[in-house]
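Read off the chains here:
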Amino acid sequence: DSGVTQTPKHLITATGQRVTLRCSPRSGDLSVYWYQQSLDQGLQFLIQYYNGEERAKGNILERFSAQQFPDLHSELNLSSLELGDSALYFCASSASGRGADTQYFGPGTRLTVL
Amino acid sequence: AQKVTQAQTEISVVEKEDVTLDCVYETRDTTYYLFWYKQPPSGELVFLIRRNSFDEQNEISGRYSWNFQKSTSSFNFTITASQVVDSAVYFCALSEAGSARQLTFGSGTQLTVLP
């Protein structure tokens, strides 16, 4: 158990809908990362937050947004969902958000868009 | 831009055989960090090891060992006396000390250990 929690574990929804994925980092970690794992794209970085502020952005679509709250949990919002958004979404956390940090991953949320 | 290549898509071995998973990386940073993660069939990503670019000492942890060679930009992972429980997808990843603090992953190697 990495100490990172993600809810829900599974999510099934329809095209055009909006969903919210939630992540709680390990105790003491200030930085949260979101990654998407799909069959065609592999594991891709989406976005990073550090202590409530956006730190880095990767290949995140405009339909996707995220935030980190004062209690350090984070939410990833996916809207106008398309079939191609079906994937495993991971949250990871690290102590300080530096490249040297080890990122510990949550169990993931498997999103299926029908 | 940084890049990680895992050329072996799938490897199949029989239990107790040794197996080496290859990882080649590209980066312009002089300070960077290399990682291996394991993804068992249950789906979670489990951290195995982190290596700093300035520390080329090889590491051994039980049946696992890692060979880091800056001269060839490689960070290979060997499992000795493989077991069925080692069956998983293994990912090599890179982060940099500069602006790219996120992990860049390779495409993964599916290891199947047969009884």
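Residues numbered from 1 in each chain as written. Chains lettered and ligands numbered in written order. Predicted model: local features only at pLDDT ≥ 70, side-chain atom pairs only at ≥ 80, totals over all residues. Heavy atoms only, no water.

Engineer: Requested: an account of the layout of surface pockets, with residues and values cited.
Structural biologist: A probe matching the size of a water molecule, rolled over the atoms, marks out where space remains unfilled. Here the largest pocket is characterised by a volume of approximately 610 Å³. Lining the largest pocket are 27 residues, with A:Gln37, A:Leu39, A:Leu88, A:Arg110 and B:Gln39 positioned closest to its centre. Of the residues in the lining of the largest pocket, the class split is nine nonpolar, 14 polar and four charged. If you add up the space inside the second largest pocket, you get close to 230 Å³. Surrounding the second largest pocket, 15 residues form its lining, A:Asp1, A:Ser2, A:Phe105, B:Glu44 and B:Leu45 being those nearest its centre. Those elements giving two or more residues to the lining of the second largest pocket turn out to be β10 (104-105) of chain A together with β6 (46-52) of chain B. (1 Å grid on protein atoms, 1.4 Å probe; cavity = no way out; pocket = protein on both sides within 12 Å on 5 of 7 lines; lining within 4 Å. Points joined across faces, edges and corners; volume = space filled by probe spheres on them. Nonpolar A, V, L, I, M, F, W, Y, C, P; charged D, E, K, R; others polar. Helix = DSSP H or I, 4+ residues; strand = E, 2+ residues; numbered from the N terminus.)

Engineer: Give me the side chain of B:Gln8: which residues, what numbers.
Structural biologist: Residue and element names in this part refer to chain B. By the secondary structure assignment, glutamine 8 is in the loop between β1 (3-5) and β2 (10-14). Accessibility expressed as a relative area gives 19% for glutamine 8, which makes it buried. If sequence neighbours within four positions are ignored, glutamine 8 has contacts with Thr20, Leu21, Asp22, Gly108 and Thr109. (Buried < 20%, exposed > 50% of the residue type's maximum accessible area, 1.4 Å probe, protein only. Contact = heavy atoms within 4.5 Å.)

Engineer: Outline the interface of chain B and chain A, supporting the account with residue identities and numerical values.
Structural biologist: Reports often express the size of an interface as the amount of accessible area lost when the parts come together. At the junction of the two partners, chain B supplies 16 residues and chain A supplies 20 residues. Buried area between chain B and chain A, both sides added, is near 1,500 Å², and the carbon and sulfur share of it is 59%. A per-residue breakdown of the area chain B buries against chain A is headed by B:Leu45, B:Arg101 and B:Gln102, which together make up 38% of the total. Put simply, chain B and chain A have five residue pairs in polar contact (both at pLDDT 80 or more) between them. At the level of secondary structure, the elements contributing two or more residues to the side of chain B that touches chain A comprise β5 (32-39), β6 and β10 (88-96) of chain B. Of all the elements, β5(B) adds the most residues to the side of chain B that touches chain A, at four residues. Looking at the side of chain B that touches chain A, its residues break down into eight nonpolar, four polar and four charged. (Buried area = accessible area lost by both parts, 1.4 Å probe. Polar contact = N/O pair within 3.5 Å; in protein donor to acceptor, adjacent residues only side chain to side chain.)

Engineer: Any chance you could break down the packing of aromatic side chains for me, citing the residues and the numbers?
Structural biologist: Following the criterion strictly, the structure yields 21 aromatic pairs over all chains and no others. Note on B:Tyr37 and B:Phe105: the rings are 5.9 Å apart at their centroids and 55° apart in plane angle, and the pair reads as tilted. With B:Tyr37 in strand β5 and B:Phe105 in strand β11 (residues 104-105), this pair connects stretches of sequence that are 68 residues apart. The exposure class assigned to B:Tyr37 is buried, which follows from its relative accessible area of 0%. Joined through ring pairs, the aromatic side chains of A:Tyr33, A:Tyr35, A:Phe45, A:Phe90, A:Tyr104, A:Phe105, B:Phe35, B:Tyr37, B:Phe47, B:Phe91 and B:Phe105 make up one cluster. (Phe/Tyr/Trp six-rings, centres within 6.5 Å; stacked < 30°, edge-to-face > 60°.)

Engineer: I'd like a rundown of the nonpolar core, residues and numbers included.
Structural biologist: Formed by 23 residues in total, the largest nonpolar core has its most connected members in B:Trp36, B:Phe75, B:Phe77, B:Tyr90 and B:Leu111. Within the residue set of this core, elements represented by two or more residues are β2, β3 (19-21), β5, β8 (64-69), β9 (74-79), β10 and β12 (109-114) of chain B. The greatest single-element share of this core, amounting to four residues, is contributed by β10(B). With residues up to four places along the chain from it excluded, the contact list for B:Phe77 reads B:Val19, B:Thr20, B:Leu21, B:Trp36, B:Leu48, B:Tyr64, B:Ser65, B:Trp66 and B:Tyr90. With 21 residues, the next largest nonpolar core counts A:Trp34, A:Leu46, A:Ile47 and A:Ile60 among its residues. (Core = buried A, V, L, I, M, F, W, Y, C linked by side-chain atoms within 4.5 Å.)

Engineer: Quick one: what's the story with unusual backbone geometry, residue by residue and with numbers?
Structural biologist: Residues A:Thr7 and A:Pro8 are joined by a peptide bond in cis, for which omega reads -10°. With respect to the helices and strands, A:Pro8 occurs in the loop between β1 (5-7) and β2 (10-13). Even without a glycine there, the phi angle at A:Asn51 is positive, about 50°. In this structure, A:Asn51 sits in the loop between β5 (42-50) and β6 (53-57). Within the chain, B:Lys16 stands out as a residue other than glycine whose phi angle is a positive 85°. Of note, B:Lys16 is situated in the loop between β2 and β3. Given the relative accessible area of 68%, B:Lys16 is considered exposed.

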